[in-house]
Amino acid sequence: MYKSYYYLNRLALELNSLIPGKKILSIFSQEKDRLIFHLSKDEDVFMEISVNHSEPYINIRNRFSRAKKNTITFFDELIGAAITEVRIASDDRILKIVTERGVLFFAIRGKYTNLFYSAGKSIQSFKNEDEEILSQLLVEFTEKTYIDKINLPDFSSL
């Protein structure tokens, strides 16, 4: 199940072995609730992120054909930046993708599932959000602890 914290924990570890070091060549959308990252280092790969509240996911593809019409670019500040690491919040379904120029947060929160880009004290979202909510989310996201290991519950006290 894509919404499970433990699935996302495993996904973060796998992404951390696949995409660090890759440069972001483009970020675009040609479908509602879906964003495509064109990444390259030795070979091109495409990271597909769905922020659809009923089926959020991240998928890595070897090929993707961008439409010639009806596409829009996002997060232009990240073009050319390399991804350095992927982590997950220790207590929430938030993936943190760290780049040379800022951080992407993929937050799975029911109908509020979204992708956010933060550089310093500013934050932008893929789906439109109110400025006040964005400010609150930035504080929340930066106060969380992010890990890069399997986070298993402690059953010894049961």
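This text goes with the structure placed above it.
These lines cover the structure that appears in this document, whether it is placed above or below. (Residues numbered from 1 in each chain as written. Predicted model: local features only at pLDDT ≥ 70, side-chain atom pairs only at ≥ 80, totals over all residues. Heavy atoms only, no water.)

**Considerations on the overall build of the chain**
When you go through the chain residue by residue, the secondary structure sums to two helices and 11 strands. Ordered by position from the N terminus, the helices and strands of the chain form the series α-β-β-β-β-β-β-β-β-β-β-α-β. The globule rule puts the C-alpha radius of gyration for 158 residues at 15 Å, and the 15 Å found for the chain is close to it. Here the chain, with 158 residues, has 44% of them falling under the buried criterion. (Helix = DSSP H or I, 4+ residues; strand = E, 2+ residues; numbered from the N terminus. Rg over C-alpha atoms; globule rule 2.2 N^0.38 Å. Buried < 20%, exposed > 50% of the residue type's maximum accessible area, 1.4 Å probe, protein only.)

**Concerning the nonpolar core**
Ranked by size, the top nonpolar core spans 31 residues in total, and within it Phe37, Phe75 and Leu115 carry the most contacts. Taken together, the elements giving at least two residues each to this core come down to helix H1 (5-18), strand S1 (23-31), strand S2 (34-40), strand S3 (44-50), strand S6 (83-89), strand S7 (94-99), strand S8 (102-107) and strand S9 (114-119). Among the elements that make up this core, the one with the highest residue count is H1 (five residues). Leave out the neighbours within four places in its chain, and Phe37 touches Ile24, Ser26, Ile27, Val45, Phe46, Met47, Ile49, Leu104 and Leu115. With 12 residues, the next largest nonpolar core counts Val103, Phe105, Ile123 and Leu137 among its residues. (Core = buried A, V, L, I, M, F, W, Y, C linked by side-chain atoms within 4.5 Å. Contact = heavy atoms within 4.5 Å.)

**Details of helix H2 (residues 131-143)**
The first and last C-alpha atoms of H2 sit 19 Å apart over 13 residues, in line with the 18 Å expected at 1.5 Å per residue. Check the buried side of H2 and you find it contacts S7, S8, S9, strand S10 (122-125) and strand S11 (146-147). (Expected span 1.5 Å × (residues − 1).)

**Here we look at a nonpolar patch on the surface**
On the surface, Tyr6, Ile150 and Leu152 cluster together to form a nonpolar patch covering roughly 330 Å² of accessible area. By secondary structure assignment, the location of Tyr6 is in helix H1. Classification of Tyr6 by relative accessible area gives partly exposed; the value is 44%. (Patch = residues over 30% accessible without salt bridge, like charges linked within 9 Å, V, L, I, M, F, W, Y side chains within 5 Å. Areas by Shrake-Rupley, 256 points an atom, 1.4 Å probe, with all protein chains shown as cover. Salt bridge = Lys/Arg side-chain N within 4 Å of Asp/Glu carboxyl O.)

**What to know about the sheet that holds strand S4 (residues 57-61)**
Taken together, five strands build an open sheet; the order of strands is S4-S3-S2-S1-S5 and the sheet is antiparallel. Every interior strand has two partners, whereas the edge strands, S4 and strand S5 (72-73), have only one. Bridge count for S1 against S5 is two bridges, and the pairing is antiparallel. In the sheet register, Phe28 faces S5, and the bridge partner there is Thr73. (Pairing = 2+ DSSP bridges.)

**Here we look at unusual backbone geometry**
The phi dihedral of Asn70 is positive, around 55 degrees, even though this residue is not glycine. Mapped onto the elements of the fold, Asn70 is located in the loop between S4 and S5. Even without being a glycine, Phe75 presents a positive backbone phi close to 50 degrees. Along the chain, the position of Phe75 falls in the loop between S5 and S6. Its relative accessible area of 4% is what places Phe75 among the buried residues.

**Thoughts on the packing of aromatic side chains**
In the structure shown here, the tally under the stated rule is nine aromatic pairs. An angle of 40 degrees between the planes, with centres 6.0 Å apart, marks the rings of Phe105 and Tyr146 as tilted. Taken together, the residues Phe105 in strand S8 and Tyr146 in strand S11 connect sequence positions 41 residues apart. You can call Phe105 buried: its relative accessible area is 3%. Under the relative-accessibility criterion, Tyr146 is labelled buried at 9%. Among the aromatic residues, those joined into a cluster by ring pairs are Phe74, Phe75, Tyr117 and Phe126. (Phe/Tyr/Trp six-rings, centres within 6.5 Å; stacked < 30°, edge-to-face > 60°.)

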